[in-house]
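An overview of the molecular structure
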Amino acid sequence: IAQMTPFLEKHSNLGLAKQALEYIRQRNVKKFESTFVSLKLSSLANHLKLSVQEVENRLRRMIMSGDLSAQICKKDGMVWFNKHAEEFNDDAAVEKLKTSIETCMASFQKAKELNAAASLDPKLLGKISESESRKDNLPTSSSWDFPAQGKSKKLLSFLE
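Described in the following lines is the structure provided in the data block.

Definitions and limits used
Residues numbered from 1 in each chain as written. Predicted model: local features only at pLDDT ≥ 70, side-chain atom pairs only at ≥ 80, totals over all residues. Heavy atoms only, no water. Core = buried A, V, L, I, M, F, W, Y, C linked by side-chain atoms within 4.5 Å. Buried < 20%, exposed > 50% of the residue type's maximum accessible area, 1.4 Å probe, protein only. Helix = DSSP H or I, 4+ residues; strand = E, 2+ residues; numbered from the N terminus. Contact = heavy atoms within 4.5 Å. Pairing = 2+ DSSP bridges. Axes fitted to C-alpha atoms, helices over the stretch in contact; angles between N-to-C directions.

All right, on to the nonpolar core then. In terms of nonpolar packing, the biggest core is built from 15 residues, with L44, V55, L59, L68, V79 and F81 touching the most fellow members. Going through the elements one at a time, α2 (14-35), α3 (41-48), α4 (52-65) and β3 (78-81) are the ones with two or more residues in this core. In terms of residues, this core owes the most to one element, α3, which gives 4 residues. In this structure, L59 is in contact with V29, L41, L44, L68, I72 and V79, ignoring residues within four places of it in sequence.

Written out as structure tokens, the structure reads:
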């Protein structure tokens, strides 16, 4: 822009050119956000052709305006992008999350009720007892050792 300033001023387009350059730099920062988890401020400054201080100021403005979700560590000279921070920043997303949690809680409660009902069901208890007594009468030859046998014991002990 510095090289073209006289021409842009002559045609009253200097302000527009500055706005376009600002937009391009913001878009480039957003590209980095979608690509990297963290990035050195100096690397970002080199790419944007700005000083580290200018990049830091630009990032702060973008964070404050809500255009960017990131954290700047001046001590380390790094920026960390929070890619998923904006996913729950509106009422619809919060409501969807609340509905999902309520559905999970209702499913968990139903599973607890079914488990309690199953543990009191005489037919199921009889089948488990019958199955246990049959296992006790089986030969202990290695041909009867199945990898899943341990898992079924765990399942049966869970049901008791």
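And the narrative resumes.
On to unusual backbone geometry. At K49, a position not held by glycine, the phi torsion is positive, near 60°. Within the secondary structure, K49 is located in the loop between α3 and α4. The exposure class assigned to K49 is exposed, which follows from its relative accessible area of 70%.

Turning to the pairing of strand β2 (residues 70-73), a few remarks are in order. Judged from the 4 bridges that link them, β2 and β3 form a sheet pairing that is antiparallel. Of the residues in β3, the one forming a bridge with I72 is V79.

The 3 strands are arranged β1-β3-β2 in an open sheet whose pairing can be described as antiparallel. Among the strands making up the open sheet, the edge pair consists of β1 (38-40) and β2. This sheet shows a mean twist of 20° between the axes of neighbouring strands, independent of strand direction. Examined bridge by bridge, β1 and β3 share 3 bridges and lie antiparallel to one another. Within β3, the position partnered with L39 by the bridge is V79. Against the sheet, α4 contacts β2 and β3, and its axis sits at roughly 150° relative to β2.

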